Amino acid sequence: MSTLSTGTDVVVYEEEHVHHDDPNFWRKYIFSEDHKVIAKQYLITGIFWAMLGIAMSVVFRIQLGFPDADISWLKPVLGQWISETGKLDPNFYLALVTMHGTIMVFFVLTAGLSGTFSNFLIPLQIGARDMASGFLNMLSYWFFFTASVVMFASLFLQTGPAAGGWVVYPPLSALPQAHLGSELGMSLWLISMALFIVSQLLGGINYITTVINLRTRGMTFNKLPLTIWAFLITAVLGLISFPVLLSAALLLIFDRNFGTSFYLSEIYIAGEALPNVGGSPILFQHLFWFLGHPEVYIVLLPALGITSEIIATNSRKPIFGYRAMIASLLGIAFLAFIVWAHHMFVTGMNPFLGSVFMFLTLIIAVPSAVKAFNYITTLWKGNIVFTPAMLFSIGLVSFFVSGGLTGIILGNSALDIQLHDTYFVVAHFHIVMGAASAFGFFAGVYHWFPKMFGRMMNNTLGQIHFWMTFIGVYLVFFPLHYIGIAGFPRRYYQFTTYDFTSSYTDLNMFVTVAAILTFFAQFIFIYNFFSSIFTGKRSPQNPWRSNTLEWTTPIKPGHGNWPGEIPAVYRWSYDYSKPGAAEDFIPQNVPYSQTLESNLPHENEEIKMEAEIEAQNFNDQFDQPH
Amino acid sequence: MSYLIAIIAVIFLALTVLVVSRLQKVMKGVNAVSADGETRPEGNKWNAAMFLIFMVLGLIGFVWSYLHTEADFLPIASSVHGRRTDDLFWFSMAVLTIPFIIVNILLFYFSWRYQYKAGKKATYYPENHRLELIWTVIPAIVMALLVFTGWRAWSDIMSEAPKDAEVFEIMGKQFGWYVRYPGVDNNKLGNYNYKLIDAQNEMGIDLSDENSFDDFISTGELHIPLNKPVLLKIRARDVLHSVFIPHMRVKMDAVPGMPTKFWFVADKSTAEMKAELNNPDFDYEIACTEICGTGHFSMRLRLIVEDEASYRRWMAEQKTFLETYPDYLAKVPDNLKAKAMKYAPAEAPAVANPDSTTAQAGGGMGTSASFR
Ligand code: HEM
Ligand SMILES: [Cu+2]
Ligand SMILES: [Cu+2]
């Protein structure tokens, strides 16, 4: 394509732009197809769910830490679930645990995290006008919204929401007569999750297509920021594994409503022998964890991508081992599909299979270790700026290491016999998944808030928020290892029935107090977030002096992101503190021909590629008449 | 008490952070912007310092909390395989504590050491293949070691139970356990069928199988012999449960429609444990570790480990299922009735005594026969 014709195209685009820019309120803010608006919708919904999910955990932590406390003061909120004597109903305890898990894993750390940052950053960082399909993207959000409404409604049922644990193992979840939480609440859970999965698939297809097809001129895969690599691989993971959960859920719906026996066999319950034979509850667990394990990485990888970007930017150094980071992402993603049965070592599966899964599980520690070491080497000899985003990223690395190491213990099937379904597991995954991904989420919000809202969040409040949360998370979850080593089983309403769980009443109390303090610390963030949207300091063009493309857009990018041409890309996004350069950063859209003083020998070679890059197709959606 | 102090310490720490940061703000005035428009990092110094403080306090807290809570860990395992996994656990923990401490220290130390200084330039250091190779290979070797030891232990624990193992059936239900003993005459459990379950025959014992005749059931406790392989046959009749015997390091799910098993050797009796812990009320316990509904947290079953002689004595005192519920004789096929009558109570109390003595004597013979 000749330069001349591209020039004309730009003019066409600008004309089109005028009549594009004037949608009504509904199209602009509610049923928007703009990726930036959809990202914010995900973000706000995610924050709402996070506060609700964490509040639930505070309620059941009070039950665990202060089992004798009179909590009648919660009656206005929880109503019938608080007994006359001010005690939490045991059924509702289980419902809270279940809803907390479901909400945090799926609604906050999957939809809230990927939904926000994949949507927001993919087009901005690869240099695209929008997602490949704005319509599907909008649909994705509204499916998620509907799923949210259904799940939220289930909280208000007379029989309560689903209560079989976030893994909803049948037969408990399949038999309404087995459990209060397996009645209507469970049906709504399944419907909500089915909608949620549809939303994830629509979103995932879009992320993948966009990254593959809409990269700007010169943005080859080996120049992609690690954020985009992480979002891409996450979307692939989701696309392969979520359909399996959908089928698991559908079969469960069949068993519940249409008398099939996929998961049911030889059951005598409520004074009656059921006719179902031949099904297997273990089948559900295989299907569930075939999603479930990749899911934990679906939650974590975007956070790792965000961290890679932020640590490099704020250390003012290139990320150490860019290629190794990609390779380890790919390695983790691949292995994530063949380790699922480590959640099932003591279900009575074939011991040989157990050995195989132990072996595969422990291999996954190797690429994980590489990532941790690479982060630390990136800090080494840096010039570190402690923005709140950077603090949260460093916190993430600490959690990733501390929590990943206990995974190695759990992955050892011989040791898992004792530790499975104890608080040791709870400690492991809250640190490595819950806290680490939440920190990735916070890091991302602090870092890209200026791009989202054109204003800065308060720096000092962000730093205080970090320290309270970082210390709080360790105080809450580190002691749970001890409780787990002492054999305390998870999902227990209280620990008074057994002698072996009669100790640690004070430790449980301590954990509860720490959890409450950490919960309250989040209001610093809430305040900072919402007040900064309206009254924050105006953001400069490139507040973190970062290399990636999103900072070349206007401070508040409009529909289509760049007013003129989309910039071309000539270099990777990690040219920080390059020897010879005047500034300590060189954005991706600066050609090598302009930085002769700092080019490495092989980079001078690339100068002759520039004309070729510039001559490439614009790859601009708005260039097409539509 | 000490926890309270710790809590207060936390609050104070948070407050200190707040005050320090306020001071910073006051001293700096509102966000300094240098001539070239570069924003100087706010609060960089105290955040860097906080990493060092966190590192030191964290290390102290880690060691202190470990020493403090260790006393309430479970005592050393009372089963042979349990001591092996205990050793393996603490060995792995020791190995993993090294990277835990080193990596966290490096992370926090580097954060402090390489904090922003005006005019300093970071080192452009994008990769080093040697280094990366080293830290790929070392974890791989450590993992190989852990996998190997773990795999050996796992294979041994999950191996087939020895032939002479004492067999028990344990069945989970909402919310409790039923235990069936193979009886005194043969070490064999009779068949079961979930369709036969009713208000008395809670485990669905199939009385058309002659091995069932001497079986008996208990709900409050499980008695096992000391120093002898014990094979638990595990099932559930309604939803998933999981048999967890913390002191024996035993755990195995109970699955409706799919029987599972776990074998182990208990080598410390309840009495020995009472003496060792100086706690006359001590009891081994069995708990449920798979969420099964409202009463999941209260499915306690006592486990009594006693020497073989007293175990046999206790067994002999138990009433067989047929003895407890003689009505079920009707379910016995005609050709086996005579055999079954031996385990049912006789009509006249005068005959009852000799009858049960026969059962006891026969029991001794029967079991020794099964040792072979
Ligand atoms: C070194 C790498 C890791 C290994 C070897 C590992 C191993 C394991 C194993 C064996 C379990 C099952 C424990 C049990 O139920 O008895 C487990 C549980 C879990 N892991 Fe990991 N893990 C690793 C890293 C991660 C990461 C990175 C995440 C998340 C981002 C994660 C999230 C979870 C979750 C959510 C569970 C518990 C699920 C549940 O039972 O509710 N793990 N891990
Ligand atoms: Cu897993
Ligand atoms: Cu249970």
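Residues numbered from 1 in each chain as written. Chains lettered and ligands numbered in written order. Predicted model: local features only at pLDDT ≥ 70, side-chain atom pairs only at ≥ 80, totals over all residues. Heavy atoms only, no water.

In the annotation of an unreviewed UniProt entry, chain B is listed under the name Cytochrome c oxidase subunit 2 and assigned to Persicitalea jodogahamensis. The UniProt entry for chain B carries the following text under Catalytic activity (unreviewed entry): "4 Fe(II)-[cytochrome c] + O2 + 8 H(+)(in) = 4 Fe(III)-[cytochrome c] + 2 H2O + 4 H(+)(out)". The Sequence similarities (unreviewed entry) comment attached to chain B in UniProt states, word for word, "Belongs to the cytochrome c oxidase subunit 2 family." (UniProt positions renumbered as here; feature names shortened; annotations may be inferred.)

Per an unreviewed UniProt entry, chain A carries the name Cytochrome-c oxidase and comes from Persicitalea jodogahamensis. Taken directly from UniProt, the Subcellular location (unreviewed entry) text for chain A runs: "Membrane". Regarding chain A, the UniProt comment filed under Sequence similarities (unreviewed entry) reads as follows: "Belongs to the heme-copper respiratory oxidase family."

This part takes up the overall build of chain A. Looking only at helices and strands, one finds 19 helices and two strands in chain A. Taken over C-alpha atoms, the radius of gyration comes to 25 Å for chain A, in line with the 25 Å a tight globule of 626 residues would show. For chain A, the proportion of its 626 residues judged to be buried stands at 69%. Considering only contacts within chain A whose residues lie at least 6 apart along the sequence, 78% involve residues at least 24 apart. When the accessible surface of chain A is summed, it comes to about 19300 Å², and 69% of that surface belongs to carbon and sulfur atoms. Side-chain charges in chain A split into 28 positive and 37 negative, and the spacing between the mean points of these groups amounts to 7 Å. (Helix = DSSP H or I, 4+ residues; strand = E, 2+ residues; numbered from the N terminus. Rg over C-alpha atoms; globule rule 2.2 N^0.38 Å. Buried < 20%, exposed > 50% of the residue type's maximum accessible area, 1.4 Å probe, protein only. Contact = heavy atoms within 4.5 Å. Areas by Shrake-Rupley, 256 points an atom, 1.4 Å probe, with all protein chains shown as cover. Lys, Arg positive; Asp, Glu negative; His and termini not counted. Charge placed at Lys NZ, Arg CZ, Asp CG, Glu CD.)

Residue and element names in this part refer to chain B. Pairing is mixed in the open sheet, where five strands are placed in the order β3-β2-β1-β5-β8. Strand pairing shows two members of the sheet lacking a second neighbour, β3 (216-218) and β8 (260-265), which therefore form its edges. Each strand axis lies, on average, 25° off the axis of its neighbour in the sheet, ignoring direction. In this structure, strand β1 (residues 166-173) lies alongside strand β5 (residues 229-236), joined through seven bridges in parallel fashion. Considered in β5, the bridge of E166 is made with V230. (Pairing = 2+ DSSP bridges. Axes fitted to C-alpha atoms, helices over the stretch in contact; angles between N-to-C directions.)

So, about the site of ligand 1. Residue and element names in this part refer to chain A. Not every one of the 23 residues close to ligand 1 is listed here, only the nearest: W166, D416, H420, H428 and R490. W166 has a polar side-chain atom sitting 2.9 Å from an oxygen atom of ligand 1. Within the contact set of ligand 1, an oxygen atom lies 2.5 Å away from a side-chain nitrogen or oxygen of D416. Counting residues per element, the ones that place at least two in the shell around ligand 1 are α9 (281-315), α13 (388-410) and α15 (423-453). (Near = heavy atom within 4 Å. Polar contact = N/O pair within 3.5 Å; in protein donor to acceptor, adjacent residues only side chain to side chain.)

Here we take up the UniProt feature "transmembrane region" (unreviewed entry) in chain B. All names here are of chain B. Here, the residues flagged by UniProt with the feature "transmembrane region" (unreviewed entry) are residues 46-67, 88-112 and 132-154. Helix makes up 100% of residues 46-67 and strand 0%, and the two end C-alpha atoms of the span are 31 Å apart. Structurally, residues 132-154 comprises 100% helix and 0% strand, and the distance from its first C-alpha atom to its last is 32 Å.

A few words on the interface of chain B and chain A. Counting from both sides, the interface comprises 115 residues of chain B and, opposite them, 131 residues of chain A. Buried surface at the junction of chain B and chain A, both sides included, amounts to about 10700 Å², of which 70% is carbon and sulfur. The largest share of the area that chain B buries against chain A comes from Y124(B), W154(B) and F297(B), three residues that together contribute 9% of it. Seen at the junction of chain B and chain A, the total is one salt bridge. Residue R300(B) is joined to D499(A) by a salt bridge in which the shortest nitrogen-to-oxygen separation is 3.5 Å. (Buried area = accessible area lost by both parts, 1.4 Å probe. Salt bridge = Lys/Arg side-chain N within 4 Å of Asp/Glu carboxyl O.)

For the rest of this paragraph, the subject is the UniProt feature "domain: Cytochrome oxidase subunit I profile" (unreviewed entry) in chain A. The residues that UniProt annotates with the feature "domain: Cytochrome oxidase subunit I profile" (unreviewed entry) are residues 26-594 of chain A. Secondary structure across residues 26-594 of chain A divides into 63% helix and 1% strand, with the first and last C-alpha atoms of the span separated by 45 Å.

Residue and element names in this part refer to chain B. Within the protein, the atoms that donate to the copper ion (ligand 3) are C288 (SG), E290 (O), C292 (SG) and H296 (ND1), at distances of 2.1 to 2.6 Å. Of note is the copper ion (ligand 3), whose four donor atoms meet at the metal with angles of 89 to 129° in an arrangement that counts as tetrahedral. Donor residues for the copper ion (ligand 3) sit on one chain with the sequence pattern C-x1-E-x1-C-x3-H. Since its relative accessible area comes to 0%, C292 is described here as buried. (Donors = N, O, S within 2.8 Å, 3.2 Å for Na, K, Ca; no water. Tetrahedral: all angles 85-135°; square planar, octahedral: opposite > 155°, others 65-115°.)

Moving on, we get to the coordination of the iron atom of ligand 1. Four donors placed tetrahedrally about a metal ideally form angles of 109.5 degrees, and six donors placed octahedrally ideally form angles of 90 or 180 degrees. All names here are of chain A. Among protein atoms, the single one acting as a donor to the iron atom of ligand 1 is H428 (NE2), 2.2 Å away. Between the two metal centres, the iron atom of ligand 1 and the copper ion (ligand 2), the spacing is 4.5 Å. Mapping H428 onto the fold places it in helix α15.

Time to look at the UniProt feature "domain: Cytochrome oxidase subunit II copper A binding" (unreviewed entry) in chain B. Those residues carrying the UniProt feature "domain: Cytochrome oxidase subunit II copper A binding" (unreviewed entry) are residues 163-317 of chain B in this numbering. Strand forms 37% of residues 163-317 of chain B and helix 12%; the C-alpha atoms that close the span are 26 Å apart.

This paragraph deals with a nonpolar patch on the surface. Residues and elements named next belong to chain B. Together, I53, V56, L57, I60 and W64 make up a nonpolar patch on the protein surface, roughly 460 Å² of accessible area in all. On the secondary structure map, V56 appears in helix α2 (residues 44-69). Look at V56 and you get partly exposed, because its relative accessible area is 45%. (Patch = residues over 30% accessible without salt bridge, like charges linked within 9 Å, V, L, I, M, F, W, Y side chains within 5 Å.)

When the pLDDT values of chain A are averaged, the result is 91; 96% of them are 70 or greater. In this model residues 1-19 of chain A is a low-confidence stretch, pLDDT under 50, and it forms 16 contacts with partners more than four residues away in sequence or in other chains. (pLDDT = per-residue confidence, 0-100.)

Here we take up the packing of aromatic side chains. One pass over the full model with this rule turns up 109 aromatic pairs over all chains. Aromatic pair F221(A) and W229(A): ring centres 5.6 Å apart, planes at 55°, arrangement tilted. On the basis of relative accessibility, which here comes to 29%, the residue F221(A) falls in the partly exposed class. Here Y482(A) and F73(B) contribute two aromatic rings whose centre-to-centre distance is 6.2 Å and whose plane-to-plane angle is 35°, an arrangement assigned as tilted. Residue Y482(A) is found in helix α16 (residues 459-485), and its partner F73(B) is found in the loop between α2 and α3 (80-113); the two belong to separate chains. Judged on exposure class, the residue Y482(A) and its partner F73(B) are both buried. Over the face of the ring belonging to Y192(B) we find R235(B), whose NZ or CZ atom lies 3.5 Å from the ring centre. The ring of F244(B) carries the charged tip of K251(B) above its face, separated from the ring centre by 4.2 Å. (Phe/Tyr/Trp six-rings, centres within 6.5 Å; stacked < 30°, edge-to-face > 60°. Lys NZ or Arg CZ within 6 Å of the ring centre and 35° of its normal.)

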